[in-house]
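Results of the structural survey
Residue strings, one per chain:
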Amino acid sequence: MGVVWSWAWKIALVVVATPLVLGLLYNVAPAPSTLMLARWVTGQPVERIWKPLDAISPNLVRSVLASEDARFCTHSGIDMVELQGVIDESDGLNAPRGASTITMQLVKNLFLWNGRSVIRKGLELPLALYLNVVMSKHRQLEIYLNLAEWGPDGQFGVEAGAQRAFGRGAGDLSARQAALLAVMLPNPHKRDAGKPGRGLSRLAANLQARIPSEGAELTSCL
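Along each chain, residues carry numbers from 1 onward, in the same order as the chain's sequence is written. Restriction of local features to residues with pLDDT of at least 70 applies here, the model being predicted, together with a cutoff of 80 or more for giving and counting side-chain atom pairs; totals for whole chains, interfaces and linings are based on all residues. Water and hydrogen atoms play no part in the side-chain values, which are based on all heavy atoms of the structure.

**Structural notes on the overall build of the chain**
- From N to C terminus, the chain includes ten helices and two strands.
- A burial count over the chain gives 44% of its 222 residues as buried.
- Working definition of accessibility: Shrake-Rupley area with a 1.4 Å probe, residue cover restricted to the visible protein chains. Roughly 11,100 Å² of accessible area belongs to the chain as shown, and the carbon and sulfur atoms make up 61% of that amount. Runs of H or I in DSSP of at least four residues are treated as helices and runs of E of at least two as strands, each being numbered from the N terminus. Remark: exposure states derive from per-residue accessible area (1.4 Å probe, protein chains only) relative to the maximum for the residue type, with buried under 20%, exposed over 50%, and partly exposed in between.

**Looking at a nonpolar patch on the surface**
- The residues that make up patches have over 30% relative accessible area and no salt bridge, and they are joined within 9 Å when like-charged or within 5 Å when they are Val, Leu, Ile, Met, Phe, Trp or Tyr. Salt bridges are counted wherever a side-chain nitrogen of Lys or Arg sits within 4 Å of a carboxyl oxygen of Asp or Glu. A surface patch of nonpolar side chains, about 300 Å² in accessible area, is lined by W113, I119 and L123.
- Position of W113 relative to the elements: it lies in the loop between α5 (102-111) and α6 (118-134).

**Observations regarding the nonpolar core**
- Core analysis: the largest hydrophobic core is formed by 51 residues, its most contacted members being L60, V64, L141, Y144, L145, W150 and L181.
- Only α3 (58-68), α5, α6, α7 (137-147), α8 (158-166), α9 (175-184) and α10 (198-210) provide two or more residues apiece to this core.
- The contact rule is simple, with two residues in contact once any of their heavy atoms fall within 4.5 Å. Setting aside its immediate chain neighbours within four residues, V64 contacts D69, I102, Y144, L145, W150, A182 and L185. In these notes, a set of buried Ala, Val, Leu, Ile, Met, Phe, Trp, Tyr and Cys residues joined through side-chain atoms within 4.5 Å is what counts as a nonpolar core.

**Looking at α9**
- With eight of its ten residues buried, α9 lies for the most part within the structure.
- Along α9, the residues classified as buried are Q177, A178, A179, L180, L181, A182, V183 and M184.
- Of the surrounding elements, those touching the buried residues of α9 are α3, α8 and α10.

**Comments concerning the packing of α5 against α7**
- The convention used is that axes are lines fitted to C-alpha atoms, helices contributing only their stretch in contact, and that angles between N-to-C directions extend from 0 to 180 degrees. Packing of α5 against α7 leaves a shortest axis separation of 10 Å and a crossing angle of 55 degrees. When the interaxial angle is binned, α5 and α7 end up oblique. Remark: the crossing between α5 and α7 carries left-handed chirality. Side by side, α5 and α7 meet where I102, T103, Q105, L106, N109 and L110 of the first sit next to K137, Q140, L141, I143, Y144 and L147 of the second.
- Note on residue categories: nonpolar means Ala, Val, Leu, Ile, Met, Phe, Trp, Tyr, Cys or Pro, charged means Asp, Glu, Lys or Arg, and polar means any other residue, Gly included. Taken together, the residues that form the contact of α5 with α7 break down as seven nonpolar, four polar and one charged. Working definition: roughly parallel below 35 degrees, roughly antiparallel above 145 degrees, roughly perpendicular at 65 to 115 degrees, and oblique for all remaining angles. Here a crossing is called left-handed whenever its near helix is offset anticlockwise from the far helix by less than a right angle, and right-handed whenever the offset is clockwise.

Don't take any of this as a statement about function, it's just geometry.
This is how it looks when you write it as structure tokens:
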């Protein structure tokens, strides 16, 4: 029994230490997502072209922040305003995407798994707080835009997504194209920025109309 407990503690230590160490390492190294790793292991295609944040169109940066996490620059990894609203309305497990910050989504992509569970949420929250301490907002957003799934066939990152949808790089996106890419993020397997239906076009138009009203704080940390 003593040997079993010894190994259990060692395994637990590795599980806890791994995201803590990787959180520091990914400040300087390109980061893969757990979904990318799973696709590699199972022989499925993965397309990702790393793009520095400063080389990505400001239209896309503002569109994603306005759509996904408008308080990204001011919260500590967890948006307590949105989270409290979810707690008030539900058990917190079926939170709308708006309650999940970019930092929380990044933690899920880097260290955890898809799906909704108490265990995953319990890990996601403290890891988001930790990542926000050891990684700048600039780097968080840079990694997120290079990890997010932007197509149904293994397209990861905005460069691959922009090339697939519009045949142009992520640095050359118009405001309309950026809005279309931003609103397809919640469901890249069913939403196609390159061939938008009326619903997706309406979402993009609404987002595009709202962006000018966002203040300087939207990108103040970048």
